[in-house]
Amino acid sequence: MLVAGRICELLAEPFQLGALQVKVSASIGIAIGGVDGATSNSLLRLADMALYGAKAGGRGSYCFYSEELNAKAQARGELETGLTNALKNNELLVYYQPIVSAVTGEVTSFEALLRWQHPERGLVSPVDFIPLAEETGLIIPIGEWIFEQACADLARCPKHLTVSVNCSPVQVNSPRLVNSVKNALQKSGLPGERLRIEITESSLMNENSQVVARLEELRALGVKISIDDFGTGFSCLSYLQRYPVDCIKIDRSFVSRMGGEQDSTPIVVAIVGLATGLKMTTVAEGVETAAQLRELAAMGCIEAQGYLFSPPRPAKDILPLSNKLRDAA
Ligand code: C2E
Ligand code: CA
Ligand code: CA
């Protein structure tokens, strides 16, 4: 343990390479001969698993092999195999949550939210499998499928309704993004103006001219770009001027703390002001009470989304939901 810690420490020290100062880090996985395994092959395999554990716990550290790590690796393997088959076996579903005008209460858009109807585990939440899909690259074919599905579902709805599709940083950084959007629009006949793409701040953290060009290309198709979970990504605000952005989604964590002990109202006011000044629209996420909605509308927030209106529902509920919310408006 002492030796592994010392190796990590020593390797983390910056060193000089010609004119450059270089900093590297090392992660170490440890398996013990005679305890964890008996052959060199099995020891290497288990040490590799421990290495994965060390990296998952934050790079630049060490980790010993354990039964718990083994169980986790097995569960991850099973999830990965399951997810690979999920697309082929039609186990993926898209649910839709309405986004309404904060002033009139009428539905303007539906956010497409992925679900996995697992044969044994039931309906699995995207938070439990999207990170793995991103790590393995499966998010690319899955994301293409969601674009197709969401565009086809909304193409069947009245023309004033748009669809908002989540797009992970892996997709934003992929050269396939524009073609997969074009393909989904073409196949469904949905005009680009009826599609919004939600990306997180982390997609825009490093200045990347290819990403700017990609987003511009999407906008030339009429597609709108929203920043999801705004304010949670520790990023520098200047990206709002460098990248073509149409809409800011105010994260649920700020909306839920409005008027609370750690009152986030000044933050929400500032975000709405910032968006308005930059000629962008705003959507408040996670609106659960009528009081929150009133306050948000008074601040000038344009749209709202949350359990106050409806949780995400299957595609067949899109029309009944938008009619119900129109009648209630
Ligand atoms: P998100 O994009 O921030 O989506 C909003 C999440 O908040 C959804 O969770 C929604 O069900 C939940 N929510 C909506 N209104 C309320 C409310 O009033 N109160 C509370 N407590 N929660 C509310 P969901 O569907 O579990 O999705 C979780 C996350 O998974 C999404 O967060 C998004 O980051 C990711 N995700 C979902 N579908 C996709 C997808 O198709 N592609 C990608 N890349 N990510 C997706
Ligand atoms: Ca979203
Ligand atoms: Ca969000």
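Note that the structure is predicted; figures quoted are calculated from it, not measured.

1. Concerning the domain arrangement of the protein
At step 1: As assigned here, the protein comprises domain 1 (2-65) and domain 2 (81-328).
At step 2: Relative to domain 2, the C-alpha centre of domain 1 lies at a distance of 39 Å.

2. A few points about the pattern of salt bridges
At step 1: Considering all chains together, one arrives at 15 salt bridges under this definition.
At step 2: Note that R196 and E303 form a salt bridge whose closest N and O atoms lie 3.0 Å from each other. Taken as a pair, R196 in strand β9 (residues 195-200) and E303 in strand β13 (residues 303-305) lie far apart in primary sequence, 107 residues in all. Each member of the pair R196 and E303 is classed as buried.
At step 3: Through salt bridges with shared partners, a single ionic network connects E111, E198, K249 and E285.

3. Section: the packing of helix α11 (residues 265-277) against helix α12 (residues 290-299)
Packed helices, taken two at a time, are described by their axes: the angle between them and the distance between them.
At step 1: Relative orientation of the contacting elements α11 and α12 amounts to 40°, with a least axis distance of 10 Å. The orientation of α11 with respect to α12, classified from their angle, is oblique. The hand of the α11/α12 crossing is right-handed. Contact residues: α11 offers T265, V268, V269 and V272, while α12 offers E295, L296 and M299.
At step 2: Per-class residue counts for the contact of α11 with α12 are five nonpolar, one polar and one charged.

4. Brief notes about the packing of aromatic side chains
At step 1: Inspection of the entire model under this criterion finds two aromatic pairs.
At step 2: Ring geometry for Y62 against F64: centres 6.4 Å apart, planes inclined by 90°, an arrangement best described as edge-to-face.
At step 3: The exposure class of F64 is partly exposed, given its relative accessible area of 31%.
At step 4: With a centroid separation of 5.5 Å and an interplanar angle of 80°, the aromatic rings of W116 and F129 are classed as edge-to-face. Of this pair, W116 sits in strand β6 (residues 107-118) while F129 sits in the loop between β7 (122-124) and α4 (130-136), and the two are 13 residues apart along the sequence. You'll find W116 and F129 in the same group, each marked buried.

5. Structural notes on the site of ligand 1
At step 1: Around ligand 1, a shell composed of 22 residues is seen, among which Q97, L114, R115, E288 and Y307 lie nearest.
At step 2: Side-chain polar atom of R115 to an oxygen atom of ligand 1: 2.8 Å apart, as the coordinates give it.
At step 3: Residue D228 places a side-chain N or O atom 3.0 Å away from an oxygen atom belonging to ligand 1.
At step 4: Surface burial for ligand 1 is 83%, taken as the share of its 790 Å² of free accessible area covered by protein chains.

Criteria and cut-off values
- Residues numbered from 1 in each chain as written.
- Chains lettered and ligands numbered in written order.
- Predicted model: local features only at pLDDT ≥ 70, side-chain atom pairs only at ≥ 80, totals over all residues.
- Heavy atoms only, no water.
- Domains from an automatic or database assignment.
- Salt bridge = Lys/Arg side-chain N within 4 Å of Asp/Glu carboxyl O.
- Helix = DSSP H or I, 4+ residues; strand = E, 2+ residues; numbered from the N terminus.
- Buried < 20%, exposed > 50% of the residue type's maximum accessible area, 1.4 Å probe, protein only.
- Axes fitted to C-alpha atoms, helices over the stretch in contact; angles between N-to-C directions.
- Parallel < 35°, antiparallel > 145°, perpendicular 65-115°, else oblique.
- Left-handed = near helix turned anticlockwise from the far one by under 90°.
- Contact = heavy atoms within 4.5 Å.
- Nonpolar A, V, L, I, M, F, W, Y, C, P; charged D, E, K, R; others polar.
- Phe/Tyr/Trp six-rings, centres within 6.5 Å; stacked < 30°, edge-to-face > 60°.
- Near = heavy atom within 4 Å.
- Polar contact = N/O pair within 3.5 Å; in protein donor to acceptor, adjacent residues only side chain to side chain.
- Areas by Shrake-Rupley, 256 points an atom, 1.4 Å probe, with all protein chains shown as cover.

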